[in-house]
Amino acid sequence: MTTLSVVVPCYNSADYMRHCLDTLLTGGDDVEILIVDDGSRDATSDIADEYEQRHPGRVRAIHKPNGGHGSAINAGLAVAEGEFLKIVDSDDWVDESAFAALLAQLRTFIAERTVIDMVVSNFVYEKVGKRNKTAVRFRDVLPEGRVFGWDEVGRFGKRQYMMMHALVYRTALLREAGLRLPEHTFYVDNLYAFEPLPHVRRMFYLDVDMYRYFIGREGQSVNEDVMISRLDQQLRVNRMMMRHLPRRGTLPAGLQRYMSHYFEIICAVSSTLSVRAGTPAALDRKDALWDDIREWDPELYWRLRRRMLNLVMNLPGRPGRQVTVLAYKAAQKAVGFN
């Protein structure tokens, strides 16, 4: 069995996908690269076929009608043959030495028949025009160099959450969990990094800065203006995460605490984007989201509203919204997100 399957969702990625693929190819025969062409209208399809022909047995080109990021991940997961699985977006890439360290660790797990559900590593914001790149690391909250469970996980800081970029899952776990991401929906990477977590029991943290998360391309889905224009998609994913957050007391304490933390951050993002949009309709959508959370789980609602992050992001009136924007800009500058 292949050690690692890497799914590379591609949509009109011809201008930048080669860099991504070339960094993944440094993994050698241990890596199966699944290029999923999601109905592209540029040369993406031709480049995918080219790489498959140049690297038979290591690269597979999958062509499908456009269905969005989640649909592309679903297609890759359906055919993946690796023991483990990772998603790498086509405008991102991996650090080659860190990638080699990850593969060495995965090979050790397989050789020793050690069952690992999820491997966590660091990721770096590669922000255009920002000289000092921000790395998101977990060395202060996750035990390093050994297998651990949720009872050993510490408290994450506000700038720490295990995005898709940080995660490698055991492929069979994703299938056993029945993961099926929604089609024609943006920001489903949050569901990918959230929904399977109740099935994760055994984890390993590899303290390397592997995933390079590129930010700054015009028209990118995480561009602020684009996110505001797709506020309905952000809110849809936020509500789906709400429905996948088990009631308090039904999960191990460390897992419940982390999932609530992640959900709080996404609620803050949704609230901030609504404020940044600045229209009465957007503000009404924000209020409707919080009404839905209160109806779904009143205890969760009040717990979130009392926390500082969402308190700042939901201050009332025009002065409150101005404070929200200032807090958002300060965080944007400090971390380097878009």
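Residues numbered from 1 in each chain as written. Predicted model: local features only at pLDDT ≥ 70, side-chain atom pairs only at ≥ 80, totals over all residues. Heavy atoms only, no water.

Engineer: Which residues make up the overall build of the protein, and what values go with them?
Structural biologist: Assigned secondary structure in the protein consists of 13 helices and 10 strands. Split into buried and exposed, the 338 residues of the protein put 56% on the buried side. A total of about 14500 Å² of accessible surface is found on the protein, and carbon and sulfur atoms cover 50% of it. (Helix = DSSP H or I, 4+ residues; strand = E, 2+ residues; numbered from the N terminus. Buried < 20%, exposed > 50% of the residue type's maximum accessible area, 1.4 Å probe, protein only. Areas by Shrake-Rupley, 256 points an atom, 1.4 Å probe, with all protein chains shown as cover.)

Engineer: Can you break down unusual backbone geometry residue by residue, with the values?
Structural biologist: Even without a glycine there, the phi angle at asparagine 12 is positive, about 50°. Here asparagine 12 falls in the partly exposed class, since its relative accessible area comes to 25%. Its identity is not glycine, yet tyrosine 187 carries a phi of approximately 70°, on the positive side. Assessed through its relative accessible area of 8%, tyrosine 187 is described here as buried.

Engineer: Got a sec to walk through the nonpolar core? Specific residues and values, please.
Structural biologist: Formed by 107 residues in total, the largest nonpolar core has its most connected members in Phe99, Phe138, Leu142, Met162, Tyr192 and Phe263. Aside from chain neighbours lying at most four places away, what touches leucine 142 is Val120, Phe148, Val153, Phe156, Met162 and Tyr205. (Core = buried A, V, L, I, M, F, W, Y, C linked by side-chain atoms within 4.5 Å. Contact = heavy atoms within 4.5 Å.)

Engineer: I'd like to hear about the packing of aromatic side chains, residue by residue, with values.
Structural biologist: Here the structure, examined in full by the defined rule, presents 15 aromatic pairs. Arranged with centres 4.9 Å apart and planes meeting at 85°, the rings of tyrosine 301 and tryptophan 302 form a pair that is edge-to-face. Taken together, Phe138, Trp150, Phe156, Tyr161, Phe194, Tyr205, Tyr258 and Tyr262 form an aromatic cluster joined through their ring pairs. It is arginine 294 that lies over the ring of tyrosine 301; its NZ or CZ is 5.0 Å from the centre. Across from the ring centre of tryptophan 290, 4.8 Å away, lies the NZ or CZ of arginine 305, which sits over that ring. (Phe/Tyr/Trp six-rings, centres within 6.5 Å; stacked < 30°, edge-to-face > 60°. Lys NZ or Arg CZ within 6 Å of the ring centre and 35° of its normal.)

Engineer: Could you give an account of the packing of helix H9 (residues 253–277) against helix H11 (residues 298–306), with specific residues and numbers?
Structural biologist: H11 packs onto H9 with a crossing angle of 65° between their chain directions and a minimal axis gap of 11 Å. With respect to H11, the element H9 is oriented roughly perpendicular. Classified by chirality, the crossing of H11 by H9 is right-handed. On the side of H9, the interface is formed by Ser260, Phe263, Glu264 and Cys267, while H11 contributes Leu300, Arg303 and Leu304. Per-class residue counts for the contact of H9 with H11 are four nonpolar, one polar and two charged. (Axes fitted to C-alpha atoms, helices over the stretch in contact; angles between N-to-C directions. Parallel < 35°, antiparallel > 145°, perpendicular 65-115°, else oblique. Left-handed = near helix turned anticlockwise from the far one by under 90°. Nonpolar A, V, L, I, M, F, W, Y, C, P; charged D, E, K, R; others polar.)

Engineer: Just give me the short version of helix H1 (residues 17–25), but keep the residues and values in it.
Structural biologist: Looking only at H1, the buried set comprises Met17, Cys20, Leu21, Thr23, Leu24 and Leu25. Tucked into the core, H1 has its buried residues touching strand S1 (4–10), strand S2 (31–38), helix H2 (44–54), strand S3 (59–64), strand S5 (93–94) and helix H4 (96–111).

Engineer: Explain the packing of H9 against helix H10 (residues 280–296) residue by residue, including any values.
Structural biologist: In a pair of packed helices, the angle between the axes and the distance between the axes together describe the arrangement. Two elements in contact, H9 and H10, have axes whose closest approach is 7 Å; the angle formed by their N-to-C orientations is 155°. The orientation of H9 relative to H10 falls into the category roughly antiparallel. In this structure, H9 uses Phe263, Cys267, Ser270, Ser271, Ser274, Val275 and Ala277 to contact H10, whose residues at the interface are Ala282, Leu283, Lys286, Leu289, Trp290 and Ile293. Of the residues belonging to the contact of H9 with H10, the class tally is nine nonpolar, three polar and one charged.

Engineer: Describe the pattern of salt bridges, naming the residues involved and giving the relevant values.
Structural biologist: As enumerated under the stated definition, the model contains 20 salt bridges in all. Taking the shortest distance from any N to any O, the salt bridge between arginine 60 and glutamate 32 comes out at 3.3 Å. Of the two residues, arginine 60 is situated in strand S3 and glutamate 32 in strand S2; the sequence distance between them amounts to 28 residues. For arginine 137, the salt bridge goes to aspartate 209, with nearest N and O atoms at 2.6 Å. (Salt bridge = Lys/Arg side-chain N within 4 Å of Asp/Glu carboxyl O.)

Engineer: Please provide a residue-by-residue account of the side chain of aspartate 89, values included.
Structural biologist: Position of aspartate 89 among the secondary structure elements: in the loop between strand S4 (84–87) and S5. Here aspartate 89 falls in the buried class, since its relative accessible area comes to 15%. At 2.7 Å, the side chain of aspartate 89 forms a polar contact with the side chain of histidine 69. Sequence-distant contacts of aspartate 89, defined by excluding residues within four places in its chain, comprise Val8, Pro9, Cys20, His69, Met164 and Tyr211. (Polar contact = N/O pair within 3.5 Å; in protein donor to acceptor, adjacent residues only side chain to side chain.)

Engineer: Residue-level account of the environment of alanine 253, with values.
Structural biologist: Along the polypeptide, alanine 253 turns up in helix H9. Alanine 253 gets classed as exposed once you look at its relative accessible area, which sits at 57%. Between the alpha carbons of alanine 253 and valine 153 there is a distance of 9.5 Å; along the sequence they are 100 residues apart.

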